There are 2 protein chains.
Amino acid sequence: MTTELSALFEQSLAMRAETVESVLRGLFDDRARNGEIARPPRLMAAIRHGVLNGGKRLRPFLVMESAALFGAAPEAAAHVAAALECVHCYSLIHDDLPAMDDDDLRRGQPTVHRAYDEATAILAGDALLTTAFDILSSSDFELADTTRLILVRGLARAAGIGGMVGGQMLDLAAAAAPPDETGVITLQAMKTGALLRYACEAGAVVAGASAADRERLSEFGAAVGLAFQLADDLLDLTSDVATLGKAAGKDAGAGKATLVGLNGPAWARRQLDGLILQAETLLEPFGADAAMLTAAARFIADRKS
Amino acid sequence: MTTELSALFEQSLAMRAETVESVLRGLFDDRARNGEIARPPRLMAAIRHGVLNGGKRLRPFLVMESAALFGAAPEAAAHVAAALECVHCYSLIHDDLPAMDDDDLRRGQPTVHRAYDEATAILAGDALLTTAFDILSSSDFELADTTRLILVRGLARAAGIGGMVGGQMLDLAAAAAPPDETGVITLQAMKTGALLRYACEAGAVVAGASAADRERLSEFGAAVGLAFQLADDLLDLTSDVATLGKAAGKDAGAGKATLVGLNGPAWARRQLDGLILQAETLLEPFGADAAMLTAAARFIADRKS
């Protein structure tokens, strides 16, 4: 990536992050919304701790950039992006729990159950997952009902039994019985891949893009998901806690099989190059309009934290 | 309630339970559905343990009876009922966790985290909540997109921050700082009331009933919710573990304020009589067609377990 393109991407990522955070801040203040009986302040504080924590907002970026590629209304795209980020943040809060990965740090801050308590963290996660579907069906932005319903179904599938939740279940089992390469690929496609894939496809859905374009963005999302996981595994192997803002070297320590562990870092770096090429090829038909999306793929593959 | 009406109600409740359980069994077998990558067998077993456990299926009954009152398609009503039951069962699984109410028994069986483990119970709950929205947006039954979206929004609101999850948060706080009567009413309206109210309203929504009829059923659901909670508090005070199939006497033991605790059982029984009368008056315009719904209100107020 040229320095100029890289700077442009970082700028765009920060701008999109600010957009989605402004939606999230509005959603999670202490004031009860229409149809709500009351909002427990401690629950809201825990939710804000888990959501407004300086994340990179990669998934929202992918939604909003994909949506922009097909000329979707920015307001609708930002809300769909916020819904997806709620699901991502809920998954981090629950994954960090003592019964799961038992992590004390997330993005350099205490995890929600450390800053509050376990019960509050469980409920904050539950609330965020529920709110995601509230957002998609809310009257806060304009979008056709049929389109909203496709988004609800897609999010439920990407986040549910056959997607993210199932992937986390496989990941927990992997520590006791390391899966083979096929098993690792399935696990990762579910645990992190499904939501990244959905992010890219959802933008096209919001915009009412053709089935072919939706499929193209979905395949782009799949390549991005694979690259994300390889980069994550490489980072876990080579980075330290100060750079990551969370525990490092956990995979090897927990005896978890990763593709990097199975095939080595040199192989992983070659794979990453291949995935970036694939991602770029998929978006070639859109020319310069897709520059930020392909820059995102490269950023994800190259990221240092 | 006459013996004859009571027998008819029990029969109808059992029949509706079988209908919704047949939908739930179909949803939670080990076979991956369209759009799912894989289904981890242990997760599916834990979900089935938490869902197919001999519950009375009161909420599904209310959905299906309300829907039938306005001539809705039974297939659609059964699926909406199943979605609601998924949310109810997820809330039981999470509420039973050691970090929350720390219960070992549920309906006479080990709770999910006792039968499996905590991480699996957390994920099974997450999966059930997600699946509820999958069901509402699925192509398994016919329903207009606009109607589905009203159901998604209503379920998210009833189950979310300003409803069930927020209510559980207030309930946890209540042990440390018992709320006053207004506080208890708010807590209960959120924790148990919101979902029961939604159950009654959702049936009318599925059927495309008028706004006035939806509101009438929603008010009926609110009365049912209040009666449910009073009966629950009375049971906790007077019953034992063998009858309840779960721990008894927990409220007083945990120092939790209930309306029964604040005002006494005699007051509670008078309140219950008033609520049943209110529920019956609300459904009077529907005549004999609403007999099973009013019987349900009476059953809920009188229940012994």
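Not measured: the values here are computed from a predicted model.

## What to know about the overall build of chain A
Okay, step 1: A tally of regular secondary structure across chain A gives 15 helices and two strands.
Okay, step 2: A globule of 305 residues ought to have a C-alpha radius of gyration of about 19 Å, and chain A, at 19 Å, matches this closely.
Okay, step 3: Projected onto its principal axes, the C-alpha positions of chain A cover 55 × 45 × 35 Å.
Okay, step 4: Evaluated residue by residue, chain A yields a buried proportion of 57% over its 305 residues.
Okay, step 5: A fraction of 72% describes how many contacts in chain A between residues 6 or more apart in sequence connect residues 24 or more apart.
Okay, step 6: For chain A, the accessible surface area stands at approximately 11400 Å², while carbon and sulfur atoms represent 52% of it.
Okay, step 7: Of the charged side chains in chain A, 28 are positive and 40 negative, and the gap between their average positions amounts to 1 Å.

## A look at the relation of the copies chain B and chain A
Okay, step 1: After a rotation of 180° and a shift along the axis of 0.0 Å, chain B superposes on chain A with an RMSD of 0.0 Å. Within this description, the copies of the chain are treated as partners about a two-fold rotation axis. No C-alpha of chain B lies nearer the rotation axis than that of B:Asp145, which sits 3.1 Å from it.
Okay, step 2: Comparing interface residues between copies, 100% of those in chain B also sit at the interface in chain A, which points to an isologous, same-surface contact.

## Points about the nonpolar core
Okay, step 1: Among the nonpolar cores identified, the biggest contains 203 residues, and A:Ile47, A:Phe220, B:Ile47, B:Leu217 and B:Phe220 are the most heavily contacted of them.
Okay, step 2: If sequence neighbours within four positions are ignored, B:Phe220 has contacts with B:Leu62, B:Cys200, B:Ala279, B:Leu282, B:Leu283, B:Leu293, B:Thr294 and B:Ala297.

## What to know about the interface of chain B and chain A
Okay, step 1: Each partner contributes to the interface: chain B provides 52 residues, whereas chain A provides 52 residues.
Okay, step 2: A buried area of about 4700 Å², summed over both sides, lies between chain B and chain A, and 73% of it is on carbon and sulfur atoms.
Okay, step 3: The three residues of chain B that bury the most area against chain A are B:Arg157, B:Ile161 and B:Met169, which together make up 17% of that side's buried surface.
Okay, step 4: At the junction of chain B and chain A, the tally comes to two salt bridges.
Okay, step 5: Across the salt bridge formed by B:Arg157 and A:Asp134, the nearest N and O atoms sit 2.6 Å from each other.
Okay, step 6: Viewed at the interface, chain A and chain B are joined by 10 residue pairs in polar contact (both at pLDDT 80 or more).
Okay, step 7: Of all the elements in the fold, those that place two or more residues in the side of chain B that touches chain A are helix H2 (41-51), helix H4 (74-95), helix H6 (118-136), helix H7 (145-159), helix H8 (164-176) and helix H9 (181-206) of chain B.
Okay, step 8: Here the side of chain B that touches chain A gets 12 residues from one element, more than from any other, and that element is H6(B).
Okay, step 9: For the side of chain B that touches chain A, the class distribution of residues is 28 nonpolar, 13 polar and 11 charged.

## Looking at the packing of helix H10 (residues 211-238) of chain A against helix H14 (residues 265-283) of chain A
Residues and elements named next belong to chain A.
Okay, step 1: Where H10 contacts H14, the axes come no closer than 9 Å and their chain directions differ by 155°. Classified by the interaxial angle, the pair formed by H10 and H14 is roughly antiparallel. Seen along the crossing, H10 lies across H14 with a hand that is left-handed. Counted together, Arg 216, Leu 217, Glu 219, Phe 220, Ala 223, Leu 226, Ala 227, Leu 230, Ala 231, Leu 234, Leu 237 and Thr 238 of H10 and Pro 265, Trp 267, Ala 268, Arg 269, Gln 271, Leu 272, Leu 275, Gln 278, Ala 279, Thr 281, Leu 282 and Leu 283 of H14 form the full contact between these two elements.
Okay, step 2: Partitioned by chemical class, the residues of the contact of H10 with H14 number 17 nonpolar, four polar and three charged.

## What about the packing of helix H1 (residues 3-27) of chain A against helix H4 (residues 74-95) of chain A?
All names here are of chain A.
Okay, step 1: Between H1 and H4, the shortest axis-to-axis distance is 9 Å and the interhelical angle comes to 75°. Judged by the inter-axis angle, H1 sits roughly perpendicular to H4. In this structure, H1 contributes Thr 19, Val 20, Val 23 and Leu 24 to the contact, and H4 contributes Ala 78, His 79, Ala 81, Ala 82, Glu 85 and Cys 86.
Okay, step 2: Considering only residue class, the contact of H1 with H4 consists of seven nonpolar, two polar and one charged.

## Comments concerning H1(A)
Residue and element names in this part refer to chain A.
Okay, step 1: Helix length check: H1 (25 residues) gives 36 Å between terminal C-alpha atoms against 36 Å at 1.5 Å per residue, within 8%.
Okay, step 2: Within the sequence span of H1, burial applies to Phe 9, Ser 12, Leu 13, Arg 16, Ala 17, Val 20, Glu 21, Val 23, Leu 24 and Leu 27.
Okay, step 3: Tucked into the core, H1 has its buried residues touching helix H2 (41-51), helix H3 (58-69), H4, helix H6 (118-136) and helix H15 (291-302).

## So, the pattern of salt bridges
Okay, step 1: One pass over the structure, following the stated rule, counts 34 salt bridges over all chains.
Okay, step 2: In this structure, B:Glu85 engages B:Arg57 in a salt bridge whose closest nitrogen and oxygen atoms are separated by 2.9 Å. Residue B:Glu85 is located in helix H4, and its partner B:Arg57 is located in the loop between H2 and helix H3 (58-69); the two are separated by 28 residues in the primary sequence.
Okay, step 3: Beyond isolated ion pairs, a larger network of salt bridges with shared partners links A:Asp29, A:Arg31, A:Glu36 and A:Arg39.

## Observations regarding unusual backbone geometry
Okay, step 1: The phi angle at A:Arg57 is positive, at roughly 60°, despite the residue not being glycine.
Okay, step 2: Classification of A:Arg57 as buried rests on a relative accessible area of 1%.

## Side note on the packing of aromatic side chains
Okay, step 1: A complete count under the given rule lists seven aromatic pairs over all chains for this structure.
Okay, step 2: Between A:Phe70 and A:Phe286 the ring centres are 5.5 Å apart and the planes differ by 85°, which places this aromatic pair in the edge-to-face class. Note that A:Phe70 is positioned in the loop between H3 and H4 and A:Phe286 in the loop between H14 and H15, a separation of 216 residues in sequence.
Okay, step 3: By relative accessible area, which is 17% here, A:Phe286 ends up buried.
Okay, step 4: Members of the aromatic cluster, connected to one another through ring pairs, are A:Phe9, A:Phe61 and A:Phe299.
Okay, step 5: Its end group placed over the ring of B:Phe228, B:Arg59 keeps NZ or CZ at 5.3 Å from the ring centre.
Okay, step 6: Sitting above the plane of the B:Phe228 ring, B:Arg303 keeps its charged end 4.2 Å from the centroid.

## Side note on the state of the cysteines
Okay, step 1: A complete count under the given rule lists zero disulfides over all chains for this structure.
Okay, step 2: Between A:Cys86, a cysteine without a disulfide, and A:Cys89, which holds the nearest cysteine sulfur, the sulfur-to-sulfur distance is 6.9 Å.

## Quick word on the environment of A:Ala72
Residues and elements named next belong to chain A.
Okay, step 1: Here Ala 72 is to be found in the loop between H3 and H4.
Okay, step 2: Under the relative-accessibility criterion, Ala 72 is labelled buried at 13%.
Okay, step 3: The spatial distance from the C-alpha of Ala 72 to the C-alpha of Ala 223 is 23 Å, given a sequence separation of 151 residues.
Okay, step 4: If sequence neighbours within four positions are ignored, Ala 72 has contacts with Ala 67, Val 206 and Ala 207.

## Here we look at H3(B)
Residue and element names in this part refer to chain B.
Okay, step 1: For H3, spanning 12 residues, the distance from its first C-alpha to its last is 16 Å, which sits close to the expected 16 Å at 1.5 Å a residue.
Okay, step 2: Within H3, 11 of the 12 residues are buried, which leaves the element mostly enclosed by the surrounding structure.
Okay, step 3: Listed in full, the buried residues belonging to H3 are Leu 58, Arg 59, Pro 60, Phe 61, Leu 62, Val 63, Met 64, Glu 65, Ser 66, Ala 67 and Leu 69.
Okay, step 4: Of the surrounding elements, those touching the buried residues of H3 are helix H1 (3-27), H4, H9, helix H10 (211-238) and helix H15 (291-302).
Okay, step 5: Note on H3: the residue one or two positions beyond its end, Gly 71, has a positive phi of about 70°.

Procedures and definitions
- Residues numbered from 1 in each chain as written.
- Chains lettered and ligands numbered in written order.
- Predicted model: local features only at pLDDT ≥ 70, side-chain atom pairs only at ≥ 80, totals over all residues.
- Heavy atoms only, no water.
- Helix = DSSP H or I, 4+ residues; strand = E, 2+ residues; numbered from the N terminus.
- Rg over C-alpha atoms; globule rule 2.2 N^0.38 Å.
- Buried < 20%, exposed > 50% of the residue type's maximum accessible area, 1.4 Å probe, protein only.
- Contact = heavy atoms within 4.5 Å.
- Areas by Shrake-Rupley, 256 points an atom, 1.4 Å probe, with all protein chains shown as cover.
- Lys, Arg positive; Asp, Glu negative; His and termini not counted.
- Charge placed at Lys NZ, Arg CZ, Asp CG, Glu CD.
- Least-squares fit on C-alpha atoms with pLDDT ≥ 70 in both.
- Core = buried A, V, L, I, M, F, W, Y, C linked by side-chain atoms within 4.5 Å.
- Buried area = accessible area lost by both parts, 1.4 Å probe.
- Salt bridge = Lys/Arg side-chain N within 4 Å of Asp/Glu carboxyl O.
- Polar contact = N/O pair within 3.5 Å; in protein donor to acceptor, adjacent residues only side chain to side chain.
- Nonpolar A, V, L, I, M, F, W, Y, C, P; charged D, E, K, R; others polar.
- Axes fitted to C-alpha atoms, helices over the stretch in contact; angles between N-to-C directions.
- Parallel < 35°, antiparallel > 145°, perpendicular 65-115°, else oblique.
- Left-handed = near helix turned anticlockwise from the far one by under 90°.
- Expected span 1.5 Å × (residues − 1).
- Phe/Tyr/Trp six-rings, centres within 6.5 Å; stacked < 30°, edge-to-face > 60°.
- Lys NZ or Arg CZ within 6 Å of the ring centre and 35° of its normal.
- Disulfide = S-S within 2.5 Å.

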